[in-house]
Amino acid sequence: MLDPRAFLRDKRDGRRHAPEDLRAFIAAYARGEIPDYQVSAWLMAAFHQGLDDAETDALTLALLHS
């Protein structure tokens, strides 16, 4: 199970996400297991730290299939 707090910390600290972690994060959010405020915090971290091409592709596909 993905720890959303650790996931957020990773992006806040400039680390990249593995595609499977992005899929798990979006799937957990879609199931209502991750609250809006944590996703909002992650989005802010992603905005400030950026997403590489692989992360952008993985996020797009995860959203598409959510």
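The coordinates are above.
Here the residue index of a chain counts from 1 through its sequence in written order. Since the coordinates come from a predicted model, pLDDT governs what is reported: local features require at least 70, and pairs of side-chain atoms require 80 or more to be given and counted, while whole-chain, interface and lining totals use all residues. The side-chain figures draw on all heavy atoms in the structure; neither hydrogens nor water molecules are used.

Now for helix α1 (residues 4-12). The set of residues buried in α1 consists of Pro4, Phe7 and Lys11. Along the axis of α1, the buried positions cluster into a sector of 60°, meaning they face one direction only. Residue contacts are defined here by distance: any two heavy atoms, one from each residue, within 4.5 Å place the two residues in contact. Going along the chain from the N terminus, every DSSP run of H or I of four or more residues is numbered as a helix, and every run of E of two or more is numbered as a strand. Check the buried side of α1 and you find it contacts α2 (19-30), α3 (36-49) and α4 (53-64). Within 3.5 Å is the distance limit for a polar contact, defined as a pair of N or O atoms, with the added protein rule that one can donate a hydrogen and the other accept it, and that residues adjacent in sequence qualify only through two side-chain atoms. Its side-chain oxygen at 3.1 Å from the backbone nitrogen of Arg5, Asp3 defines the N-terminal cap of α1. Residue burial is assigned from relative accessible area. The probe radius is 1.4 Å, only protein chains are included, and a residue is buried under 20% of its type maximum, exposed over 50%, and partly exposed in between. In this description, one arc is meant: the one made by directions from the helix axis to the C-beta atoms.

Attention now goes to the pattern of salt bridges. In the sections that follow, a salt bridge refers to a side-chain nitrogen of Lys or Arg positioned within 4 Å of a carboxyl oxygen of Asp or Glu. Applying the stated rule across the entire model yields seven salt bridges. The residue Arg12 makes a salt bridge to Asp13 at a minimum N-O spacing of 3.0 Å. Taking relative accessible area as the criterion, Asp13 reaches 41% and is therefore assigned partly exposed. One salt bridge in this structure joins Asp13 and Arg15, with 3.5 Å as the shortest N-O distance.

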